[in-house]
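So the chains spell out like this:
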Amino acid sequence: MTSDMGLLAELSAEQLGRLGDLDPTRADMFARLDGLYVPERDRSAPTFAETVKSALGPDLGDAQWRALGLWTQLRMSMFRDRTYDRDHERDHDPNPAPLAPWVAEREPAWTGDEIELLWWAAAEPLQHCYSYQAPLIIPWAAVGGLAHEEQRRHLPRMRRIQEIMTGARWHSSLPFKRDLDIFLAGHAENDPATVTTCLTGGSDGFAVLMAAEYGSRLGGPQTSSLMRHWITATSARPSPAWLRKAAALLAPDTGPLVRDVLRHLPAHRETTKRHRNGDHTWTTTTYLHERTATLLRGMVWTCELIDEPWTVPLLGEVALAAGIGIGGSGPNSRCEMLVNAALLVLAGRGGLEVVAPLARMQAKVRKRSILAKVARTLDTVAARAGLGREQLLDRTVPAFGLGPDGVREEKAGEHVVRLALDEAGTPLLTFLGPAGKPVRSAPKAVRESHGGLLAEFKNTIKEIRRTLPAERHRVERALAEERLWRWHQVEEFFLDHPVTGVHGRRLIWQILQGPAGTPVRTAGGWELTDPLGRRIQPRADTPMRLWHPIEETVEEIRGWRDHLLRIGLRQPFKQAFREVYLLTPAEEESGTLSNRFAGHRLRYGQAKALLSERGWTGLSLGHWDGAGGSEQGEAVKEVLGWQARWDMHLPWDSWETDGYDAPAAFCLSGPIRFHRTGEDPSQEEEFPGPAPLTEVPPLVLSEAMRDADLAVGVSSVGLDPQGQGDYWHSYNFGDLTETAEMRRDALTRLLPRLRVADRAELTDRFLRVRGDLRTYRIHLGSGNILMEPNDAYLCVVPGATSDHVFLPFEEEGGMLSVIVSKALLLAGDAAITDPSITRQIRT
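Worth saying up front: this structure is predicted, and the values here are computed from it rather than measured. (Residues numbered from 1 in each chain as written. Predicted model: local features only at pLDDT ≥ 70, side-chain atom pairs only at ≥ 80, totals over all residues. Heavy atoms only, no water.)

**Student:** A description of the nonpolar core should follow, citing residues and the corresponding values.
**Tutor:** Ranked by size, the top nonpolar core spans 112 residues in total, and within it Leu-68, Leu-296 and Met-361 carry the most contacts. For this core, the leading source of residues is helix H7 (residues 112–126), giving nine residues. Sequence-distant contacts of Met-361, defined by excluding residues within four places in its chain, comprise Ala-319, Leu-320, Val-339, Leu-343, Ile-370, Leu-371 and Val-374. Counting residues in each nonpolar core, the second largest holds 42 residues, with Trp-547, Leu-747, Tyr-776 and Ile-819 among its members. (Core = buried A, V, L, I, M, F, W, Y, C linked by side-chain atoms within 4.5 Å. Buried < 20%, exposed > 50% of the residue type's maximum accessible area, 1.4 Å probe, protein only. Helix = DSSP H or I, 4+ residues; strand = E, 2+ residues; numbered from the N terminus. Contact = heavy atoms within 4.5 Å.)

**Student:** If you had to explain the packing of aromatic side chains to someone new, which residues and values would you point to?
**Tutor:** Within this structure, the stated rule accounts for 12 aromatic pairs. Measuring from ring centre to ring centre gives 5.0 Å for Trp-485 and Phe-494, while their planes differ by 70°; the resulting arrangement is edge-to-face. Across the pair, exposure class does not vary: Trp-485 and Phe-494 are buried alike. An aromatic cluster is built from Tyr-37, Phe-48 and Trp-71, whose rings are joined through pairwise contacts. (Phe/Tyr/Trp six-rings, centres within 6.5 Å; stacked < 30°, edge-to-face > 60°.)

**Student:** I'd love a proper account of the side chain of Thr-377, names of residues and values included.
**Tutor:** Within the secondary structure layout, Thr-377 lies in helix H21 (residues 368–385). Residue contacts for Thr-377: discarding those within four places in its chain leaves Ala-347 and Leu-358.

**Student:** So what's going on with the sheet that holds strand E14 (residues 632–639)? Which residues, and what values?
**Tutor:** Spatially, E13-E16-E15-E14 is the arrangement adopted by the four strands of the open sheet, whose pairing is antiparallel. Across the chains shown, the open sheet's two edge strands, defined by having one partner strand only, are strand E13 (601–603) and E14. For this sheet the average axis-to-axis angle between neighbouring strands, irrespective of direction, equals 40°. Where E13 and strand E16 (residues 666–676) come together, three bridges link them in antiparallel fashion. (Pairing = 2+ DSSP bridges. Axes fitted to C-alpha atoms, helices over the stretch in contact; angles between N-to-C directions.)

**Student:** How would you summarise the pattern of salt bridges if you had to cite specific residues and measurements?
**Tutor:** Throughout the structure, instances matching the rule amount to 55 salt bridges. Between Glu-579 and Lys-574 there is a salt bridge whose closest N-O contact spans 2.6 Å. On the accessibility criterion, Glu-579 (2% relative accessible area) is buried. Classification of Lys-574 as buried rests on a relative accessible area of 6%. Residue Arg-578 pairs with Glu-703 through a salt bridge whose shortest N-O separation is 2.9 Å. Here the residue Arg-578 occupies a position in the loop between helix H27 (554–567) and helix H28 (585–590), and Glu-703 occupies one in helix H31 (residues 698–715), the gap between them amounting to 125 residues. Neither residue differs from the other here; Arg-578 and Glu-703 are each classed as buried. One salt-bridge network, in which partners are shared between bridges, spans Arg-472, Glu-476, Lys-574, Arg-578, Glu-579, Arg-614, Lys-637, Glu-703, Arg-706 and Asp-707. (Salt bridge = Lys/Arg side-chain N within 4 Å of Asp/Glu carboxyl O.)

**Student:** Now, about helix H24 (residues 451–480): what can you tell me, with residues and values included?
**Tutor:** Between the first and last C-alpha of H24 there are 44 Å, a value that for 30 residues agrees with the 44 Å anticipated at 1.5 Å per step. Looking one or two residues beyond H24, the residue adopting positive phi is Glu-482, at roughly 55°. (Expected span 1.5 Å × (residues − 1).)

**Student:** Can you break down helix H18 (residues 311–323) residue by residue, with the values?
**Tutor:** Taking 1.5 Å of rise per residue, the 13 residues of H18 would be expected to cover 18 Å, and the 18 Å separating its terminal C-alpha atoms lies within 8% of that figure. The buried fraction of H18 is high, at 11 of 13 residues. Of all the residues in H18, the buried ones are Thr-311, Val-312, Leu-314, Leu-315, Gly-316, Val-318, Ala-319, Leu-320, Ala-321, Ala-322 and Gly-323. In this structure, the buried residues of H18 make contact with helix H16 (254–262), helix H17 (290–302), helix H19 (336–349), helix H20 (355–364) and H21.

**Student:** Requested: an account of the pairing of E14, with residues and values cited.
**Tutor:** Here eight bridges tie E14 to strand E15 (residues 642–649), and the two strands are oriented antiparallel to one another. Looking at E15, one finds that Val-636 is bridged to Arg-645. Between E14 and E15, which follow one another and run antiparallel, lie two residues, and Leu-640 among them has a positive phi close to 55°.

**Student:** Lay out the pairing of strand E3 (residues 407–412) in plain terms, naming residues and giving numbers.
**Tutor:** The pairing of E3 with strand E4 (residues 415–421) spans six bridges and is antiparallel. From the neighbouring strand, Glu-410 faces E4, where its bridge partner is Val-417.

**Student:** Explain the packing of helix H5 (residues 62–78) against helix H6 (residues 99–106) to me, using residue names and the numbers behind them.
**Tutor:** The contact between H5 and H6 brings their axes to 10 Å, and the two run at 150°. For the pair H5 and H6, the crossing hand works out as left-handed. From H5, Trp-65, Leu-68, Gly-69, Thr-72 and Met-76 reach across to H6, where they touch Leu-99, Ala-100, Trp-102, Val-103 and Arg-106. Its residues assigned to classes, the contact of H5 with H6 shows seven nonpolar, two polar and one charged. (Left-handed = near helix turned anticlockwise from the far one by under 90°. Nonpolar A, V, L, I, M, F, W, Y, C, P; charged D, E, K, R; others polar.)

Here it is as structure tokens:
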């Protein structure tokens, strides 16, 4: 473009046709502006807009203002945002956008045809990434000055602009988009579905769902005003005025509608889209668009005004769903805005009923800021009850109507609906007929006449399945944190409780600095029994804790492990068989860093999810930072006044394997160090560096190392059956870690119970199995197999086995059951028919 061409010479035939003939005023204004529109080379000189304002002055007539507005709008329709390059002194077209608000403020008397032209011209730059609101300022001001009926003429053009902005992620967050949606909703009074589509914005899957499923209810005359109010929930918390207006807009069906919409949120999942611009590709992952989240925040705030039994549990589910990381795990949250809104309402309720959903959040959510808010809320509730936070959690685990025996029964006509938890906590729903005969499926009479009761029982089963893992996590955390109780509290909260008791009754309890035993119910209550059968009857106020092997002798630990196998007690997590990680000579020499689990190549997503589940936070690696600032990080866990920090970084070749702007596929583990809580290693002038490992309490060190061992054991690329290289071979067939040593110890006790006991033997690192065709060595760390006599690698993906093998703990990672399954398979190798296995064996 050159400066002597002028705007009219650049317009297309269609643009000229829409502009029409120029009257003298318009022709004169266009000529003056064309004369001022010259390339800007000197950045210190006045801008184009400043030059125009100085040349024209403010005292223009109405027709002149309209001509200036049309020229500005048409020029913006041709404008392309170019990058100014000082090194090459590229010409930079003058930017007409600053003239738009100057014209709009004058409010000239636009004709209908001129307004149509303004809106038509606005569409072109919006379709070409003109990512700010300037092209919309003049047409928006023009239509705003019209009467309601006169505005209707321009609705088709405005809806086209709405479509463009909805489809482009860089436009959908602009404040103008929300204003345009509200405007168009005001012109759809008789079309509730359109009103809902406009007000939700339609920018993500949940907004689309709301419009499709609840459009007629949300956009109806009773709720549309409240919906307009919800989308103004843009602050961190509602003001008293906001809540008063919401209360005034409440309708009889508001509560059920809010409940029905929010119930969809726990099942909502993020969507990922891949974009391309030339050779550059990138992905975006969306859970809730900001517009949708803002509307839902308004809904959640409104729950403060709704006194219904469903509000607290549903808000807990909403907070949990939005609080966990993308994909359901990780240290971040899907939508912290929505989590904070739900926590705010729950904190306002402040009763004991909020404790259970908050406890589930503690078990699942890993983002520090959210966990801090949950902790503060629990502390507030606990303080009102005169308790500590953990004491409050002990007392508020829901029983779901179950008796101490884990059974609930309700009459349903001539039948009885029975819900019972078995010893492992599996909920079983059965139905007793008039004669007392149990059946597994609901009788027709119960389905037809007592559907509400049946639905209640099924919902209770879902709640129990959510609560049990959270309680298992809480009880195991208490083991690692050395919590203390009085014996009467152990009986009430961990033995007699129908839900938590599923875990507590299968654990070893110890009198502080005294004997330990597993719980046994007697006519007078509960006692403890040790491996020698001796009964222990603590007094009601006797201090108790969960037994941990870190402080026990080898003989005592061995006695407990043999005892559990002998009585067939399967623990909810490893307690008697818990790995113990003691300080090694190399770690004593290194001083402050442990390299015990350094140098492993891990599947990043899997490692992060597992560590997050075990309370580690802060790990965030990836390629979304163009400067590479996300290539290093650390996972952090706090326990007993200490902070464990595990360094992680991306492999040097990850940019090639993962691609630019993509999530990390793999990471490399670094050293682990320990700090006393409150010490910031980045501020060396104020705080000392990592503590010497010899000063770290044995329990703190052991539990942190156990988590690291588990993460490596589950996510290492060494587990890849098709792997190769030195690391793969070392991991698969090298020395055993403490977890693998524990596996070996468990197998020592399990082997005599297996049907292949006469064909199997344990060596230092392998379970050696003699088949009919070959002899096999299964590595106790990786589960991978070598075939004798030439140590050929055998790739086997084990399936289900018909043998029921008792394991003394609910194993994390499942490697022990994998090894046992492979042993059972290979001992009968002559009967294997899978060609992918027989081909390797017979080679």
